[in-house]
Amino acid sequence: ASACDFHMDINSQIKKKKHKHLVILILTKYYHADSTKVLESSLWRSTDYGTTYSKLNLMPGTTIVVTSFYICPTNKKKVVLVGSSINERDQMLFISTDEGSSFQRQSISFTPDTLIFHPKEEDKLLAYCKMGRLFASTDLGRKWTLLQERVTKDKVYWSVSGVDVDPDLVHMEMQDTSGGYLYVTCLIQNCSDKMVTAQFLGKIDHNSLLVQDNYIFVKVTTGNRTKHYVSYRRNEFVQMRFPKYALPKDVQIVSTDENQVFLALQEWYQSDTYNLYQSDPQGVYYSIVLENVRSTKQPEENVIIDILEVRGIKGVFLANQKTDGKVTTVITYNKGRDWEHLAPPSTDMNGKPITCKVPDCHLHLHLRWADNPYVSGTVHTKDSAPGLIMGAGNLGSKLVEYKEDMYITSDCGKTWRQVFEEEHHILYLDHGGVIVAIKDTSIPLKILKFSIDEGRTWTVHNFTSTSVFVDGLLSEPGDETLVMTVFGHISYRSDWELVKVDFRQSFPRQCTESDYESWQLTNLQGEKCIMGQERTFRKRKDTAFCIKGKSYTSALTNKPCQCTERDFNCDYGFERSHTEGDRCFADFWYDPDSPPEDCHLGQSYESSTGYRKVISNVCEGGINKQQSAKQHTCPILPPKGLQVGIKGQMLAVAPGDDITFIVQQEQGDTSSTKYQVDLGDGVRAIYQNLTVTDEPIQHRYEKPGVYKVTVKAENIAGHDEATMFIQVTAPLQEVHLEVVPIAGTNHEVNLTAMVLPTEANLTVYYWWIGDSLQPTLTLQNSLLIRFPETGEVSVTVQASNGRSMVQDTRTVQVYDNFQVIPLSFSRNLDRFNPNIPEWREDIGHVVTKILAKITGVPQESLVTVVKPGLPTTADLYVLPLDSKPAKRSIFVDKVQHRRMDLWSPGVWALAVIFLISIIATGSFILYKFKRKLPGNRNVYAQMHNEKEQEMTSPVNHSEDTQHIIQGEEFIDDDLDSVSIFKY
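Keep in mind that what you see is a predicted model, and the values were worked out from it rather than measured.

1. Points about the overall build of the protein
- Secondary structure assignment for the protein yields seven helices and 69 strands.
- Counting over 983 residues, the protein shows a buried share of 51%.
- The contacts in the protein between residues at least 6 apart in sequence include a share of 52% that link residues at least 24 apart.
- About 47,700 Å² of surface is accessible on the protein, with carbon and sulfur atoms providing 48% of the total.

2. Details of the sheet that holds strand S12 (residues 151–158)
- Read across the sheet, four strands follow the order S12-S13-S14-S15 without closing on themselves; strand pairing throughout is antiparallel. Each edge of the open sheet is held by one strand with a lone partner, namely S12 and strand S15 (197–198).
- Where strand S13 (residues 169–175) and strand S14 (residues 181–187) come together, seven bridges link them in antiparallel fashion. Following the sheet pairing, Leu169 is matched in S14 by Leu187.

3. Some remarks on the sheet that holds strand S68 (residues 862–866)
- Ordered by their spatial adjacency, three strands build an open sheet running S67-S69-S68, and the pairing between neighbours is antiparallel. In this open sheet, the two strands that pair with only one neighbour each are strand S67 (819–824) and S68. Ignoring strand direction, the axes of neighbouring strands in this sheet form an average angle of 25 degrees.
- Contacting S67, S68 and strand S69 (873–878), helix H2 (residues 837–855) runs over the sheet at an angle of about 145 degrees to S68.

4. Topic: the state of the cysteines
- Evaluation of the coordinates by the stated rule reveals six disulfides.
- Covalent S-S linkage joins Cys356 and Cys361, the inter-sulfur distance amounting to 1.8 Å. Between Cys356 and Cys361, the S-S torsion sits near -100 degrees, and that sign places the bridge as left-handed.
- Classification of Cys356 by relative accessible area gives buried; the value is 6%.
- Across a sulfur-sulfur distance of 2.0 Å, Cys529 and Cys561 are joined as a disulfide pair.

5. Quick look at the side chain of His699
- Its location among the elements puts His699 in strand S56 (residues 697–700).
- One polar contact links His699 to Asp681, side chain to side chain, over a distance of 2.7 Å.

6. Side note on H2
- Taking 1.5 Å as the rise per residue, H2 with 19 residues should run 27 Å; its terminal C-alpha atoms sit 27 Å apart, in good agreement.
- Within H2, 15 of the 19 residues are buried, leaving the element largely enclosed by the surrounding structure.
- Positive backbone phi, at 80 degrees, marks Gly856, one or two positions downstream of H2.

7. Digging into the pattern of salt bridges
- Overall, the coordinates contain 33 salt bridges when judged by the stated rule.
- The partner of Lys78 in a salt bridge is Asp123, with the nearest N and O atoms 2.6 Å apart. With Lys78 in the loop between strand S4 (64–71) and strand S5 (79–85) and Asp123 in the loop between strand S8 (112–117) and strand S9 (125–129), this residue pair connects regions lying 45 residues apart in the sequence.
- Here Arg840 makes a salt bridge to Glu738, at a shortest N to O gap of 2.2 Å.

8. Points about the packing of aromatic side chains
- Tallied over the full model, the rule gives 25 aromatic pairs.
- With 6.0 Å between their ring centres and 80 degrees between their planes, Tyr183 and Phe237 make a pair best called edge-to-face. Remark: Phe237 occurs in the loop between strand S18 (225–232) and strand S19 (238–239) and Tyr183 occurs in strand S14; sequence separation between them is 54 residues. The pair formed by Tyr183 and Phe237 is uniform in burial state, with each residue classed as buried.
- Between Tyr572 and Tyr590 the ring centres are 5.7 Å apart and the planes differ by 80 degrees, which places this aromatic pair in the edge-to-face class. On the criterion of sequence distance, the pair formed by Tyr572 in the loop between strand S44 (568–570) and strand S45 (574–577) and Tyr590 in the loop between strand S46 (583–586) and strand S47 (604–607) is long-range, its members being 18 residues apart.
- Tyr572 sits in the buried class, given a relative accessible area of 11%.
- Counting every residue linked through ring pairs, the aromatic cluster contains Tyr285, Tyr572, Phe574, Trp589 and Tyr590.
- Sitting over the ring of Tyr516, Arg538 keeps its end group 4.5 Å from the ring centre.
- The ring of Tyr611 has Lys625 sitting right over it, with the charged end atom 4.3 Å from the ring centre.

9. Section: a nonpolar patch on the surface
- A cluster of nonpolar side chains, Leu247, Trp268 and Tyr269, forms an exposed patch at the surface whose accessible area comes to about 330 Å².
- For Tyr269, the position within the fold is in the loop between strand S21 (262–266) and strand S22 (273–279).
- What makes Tyr269 partly exposed here is its relative accessible area of 44%.

10. Topic: unusual backbone geometry
- Of note, the amide linkage connecting Leu756 to Pro757 takes the cis form, showing an omega dihedral of 0 degrees.
- With respect to the element layout, Pro757 can be found in the loop between strand S61 (748–756) and strand S62 (764–769).
- Unlike most non-glycine residues, Asn746 shows phi in positive territory, near 60 degrees.
- For Asn746, a relative accessible area of 44% translates into the label partly exposed.

11. Examining the confidence of the model for the protein
- Per-residue pLDDT for the protein averages 82, and the proportion of residues at 70 or more is 85%.
- Below pLDDT 50 for its whole length, residues 372–376 participates in ten contacts with residues either more than four positions away or in separate chains.
- Predicted confidence is poor over residues 884–983, with pLDDT under 50, and the contacts of this stretch with residues over four places away or in other chains come to 123 contacts.

12. Description of the environment of Val434
- With respect to the element layout, Val434 can be found in strand S34 (residues 434–439).
- When the C-alpha positions of Val434 and Leu482 are compared, they lie 7.7 Å apart, and in sequence the two are 48 residues distant.
- Not counting chain neighbours up to four residues away, the residues in contact with Val434 comprise Leu427, Tyr428, Leu429, Phe450, Ser451, Ile452, Leu482 and Phe507.

About the thresholds
- Residues numbered from 1 in each chain as written.
- Predicted model: local features only at pLDDT ≥ 70, side-chain atom pairs only at ≥ 80, totals over all residues.
- Heavy atoms only, no water.
- Helix = DSSP H or I, 4+ residues; strand = E, 2+ residues; numbered from the N terminus.
- Buried < 20%, exposed > 50% of the residue type's maximum accessible area, 1.4 Å probe, protein only.
- Contact = heavy atoms within 4.5 Å.
- Areas by Shrake-Rupley, 256 points an atom, 1.4 Å probe, with all protein chains shown as cover.
- Pairing = 2+ DSSP bridges.
- Axes fitted to C-alpha atoms, helices over the stretch in contact; angles between N-to-C directions.
- Disulfide = S-S within 2.5 Å.
- Polar contact = N/O pair within 3.5 Å; in protein donor to acceptor, adjacent residues only side chain to side chain.
- Expected span 1.5 Å × (residues − 1).
- Salt bridge = Lys/Arg side-chain N within 4 Å of Asp/Glu carboxyl O.
- Phe/Tyr/Trp six-rings, centres within 6.5 Å; stacked < 30°, edge-to-face > 60°.
- Lys NZ or Arg CZ within 6 Å of the ring centre and 35° of its normal.
- Patch = residues over 30% accessible without salt bridge, like charges linked within 9 Å, V, L, I, M, F, W, Y side chains within 5 Å.
- pLDDT = per-residue confidence, 0-100.

So, in structure tokens, the structure goes:
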């Protein structure tokens with residue numbers, strides 16, 4: 001079948017469709033060399049089980065790029081393709097209900113990233129888009145409804161059959177308006193913001209929701225501590241209990257089947273390894289079963305734990321353990337109760353003896369991945385072929401990368417045989433009755449090998465007349481047939497080559513009962529009782545040349561055993577001593593006789609003996625390590641670990657916000673405990689069973705301030721108290737930094753920050769001086785500093801009150817020498833002073849322009865700073881004329897005949913003239929103000945209000961303010977007729 005250039009399509013996806021009418025669908029894609037963008041695609045269909053293929057033309061005359069397709073898990077006839085036009089402008093689905101014989105085009109208004117079929121109802125679909133939007137369809141994608149717009153990718157789950165009540169329920173992680181993440185559920189018929197239900201009280205960590213079987217997991221990080229929570233069969237969330245000092249950095253769920261959680265936990269001291277833990281049935285209490293399993297972080301931050309569940313026989317796991325830098329492979333037959341190294345084979349593939357003796361030498365396998373990129377690293381197991389395990393690895397004291405001999409076992413790991421000296425592609429056909437192997441190499445091949453006796457002997461078969469670069473093997477997923485497809489390419493620029501290999505003609509008949517023999521599962525010690533039972537399976541005799549067929553079953557008998565110590569694991573809070581006969585002893589931090597947290601007066605509990613039966617173990621009678629557990633009556637315990645918080649974990653709120661307080665108690669009796677609540681503003685209340693009844697404490701603070709919230713819990717056994725401080729403050733709107741623009745070296749300078757609203761409380765100020773990356777923090781809105789060097793210094797202040805942060809920046813010119821001349825104004829000007837920063841700046845600019853013009857001194861050498869408050873005063877800064885020579889030369893030359901040395905004694909005469917004459921200047925300014933504005937303070941009050949509303953744009957002055965700024969125009973016009981300064 002022709003497709004696309006393979007050298008550009010290393011990640012090409014080829015899929016097959018399972019059904020009973022011999023139809024196979026294959027999608028080939030041509031990618032851009034430097035991205036994951038699909039440039040071209042082809043869809044191929046075979047109706048004769050891969051003998052011939054025809055290319056489907058979805059829209060004649062139009063080039064369509066199909067990026068993916070999805071098959072309904074409950075009705076294989078229904079197929080949905082996701083595609084777009086060549087320019088990605090038009091998005092569309094192609095829907096088939098007849099195994100791909102025909103497709104109906106359906107235009108859509110969004111770009112799907114993933115489609116999720118309902119696990120039980122065949123016409124229901126979810127579509128996730130890259131921008132976080134989630135859509136739902138109930139008619140196989142013909143009509144879509146937007147559910148939510150802020151959903152986390154890969155954190156959307158359909159309801160779980162047998163656990164969730166409503167099949168239309170959707171679990172999702174979504175972002176709220178404040179930027180935090182919530183675990184919510186909704187029905188696809190109505191999933192608006194008002195109809196979603198928050199299933200976890202408070203915010204959760206991003207990308208932490210996992211819905212799997214009976215369990216739901218979330219995690220919450222506060223500060224540097226992360227707490228993990230679990231809900232069992234949709235009950236309330238409970239904090240997961242690990243050993244007290246595990247202090248997990250990360251948790252990865254390995255499996256949740258058989259009513260137990262199997263997880264990997266990275267403890268505080270680990271970097272590239274994890275410890276394995278098992279839970280009780282509720283998923284709450286965890287005990288360690290294996291330390292230091294190696295891990296790796298894949299692209300997109302995905303973590304892979306190097307542990308593999310062997311399919312076909314429950315309770316069997318393989319793991320790669322990393323100790324002192326060495327990686328070794330271990331196996332367990334009883335779900336982690338005991339681990340052992342793999343026994344090496346006695347001979348190599350040619351029958352020669354192997355010098356590999358335990359305990360210094362074992363067999364080690366690449367499980368989930370290999371550091372060598374050319375090794376697949378996958379161990380091959382199958383549900384329908386119990387006991388058959390095949391993988392690549394080596395013999396020695398540790399796992400060696402870039403060495404990939406192939407080994408096989410047909411008795412679930414008890415004995416192994418070497419079959420190849422190189423890595424091979426492996427495929428099981430007919431329940432493992434036929435094993436196909438093709439060498440994993442970069443050279444083209446013509447042959448494959450197959451075995452019908454579990455890898456003991458191999459037959460060579462020429463599957464093509466022309467050598468092919470083999471990329472992989474395909475078989476029909478789920479069904480156990482003898483038909484397979486080899487896919488690859490003849491050259492790096494050739495089209496796809498698909499070669500059908502049919503082994504059905506090689507077997508003359510179907511197998512009968514006489515063609516089978518039984519085998520019994522044992523561990524490496526030869527013990528038959530595993531997980532509390534003896535299990536017997538059947539397999540085809542080596543001499544039988546027949547087909548097992550789809551109706552073949554491998555399991556024969558299960559016989560319960562009497563319980564032994566091997567059927568019990570260490571309970572929560574206990575560890576196994578490998579020096580004292582595998583005895584479980586209590587950790588130093590755990591008291592086995594202490595009552596559980598949910599122990600109430602009138603109830604009883606058992607103190608742990610240190611052992612619990614391995615879950616899924618079905619042993620009967622014999623030893624019962626839990627039998628000696630002591631019965632205790634639940635005492636009245638004093639409240640302990642009392643905590644009070646706010647829903648959403650906020651500590652700063654705005655006046656008028658509705659607040660829900662949450663009270664939690666880690667230990668102690670709750671049924672007879674009274675809780676006295678003081679909300680700090682005069683509101684007090686007494687509650688009973690507050691932490692178990694979920695009675696909400698809702699409140700609203702009307703006035704800004706800091707309120708101390710206190711909860712006191714008390715019963716006849718003792719008491720406890722919890723306190724929190726809550727800030728009630730409006731968000732900061734603006735901060736204005738007031739600082740003199742001119743400063744002398746090593747002179748004290750006052751920095752003052754004025755914030756709006758002025759009633760903001762508990763504001764913290766961050767002062768950034770120059771290029772320093774370390775701010776100075778103060779609770780006061782002012783700071784005294786010194787500048788040690790001349791030059792231009794940037795000063796920034798940030799104001800934060802827990803709900804918002806604002807900042808302002810000013811520049812200060814630092815000089816060694818300058819003069820400061822105090823200025824005063826007519827008291828009449830005070831009536832028009834609104835005492836806001838912009839007004840002071842504008843008046844300062846007016847005065848500077850006037851004085852520069854009437855004195856002939858360059859304007860850049862004069863700076864007028866109007867001081868806050870009343871009466872209105874100012875300081876005139878006279879800078880050295882040569883401070884900025886590039887900007888002063890032209891103007892100074894024009895008035896050279898009037899130039900004077902400002903640092904001669906004559907400057908003091910000029911200062912006296914300023915002090916006297918500024919009153920006259922002030923009268924001019926006032927006259928102009930009065931001419932442009934009515935003499936009414938209401939006008940200035942109005943201007944003040946406008947400025948408060950426009951603080952973020954101080955240059956956008958009102959019309960009246962512009963008139964005030966233009967007051968200098970009147971004075972400029974009359975300078976020739978008014979003699980103020982005489983020389």
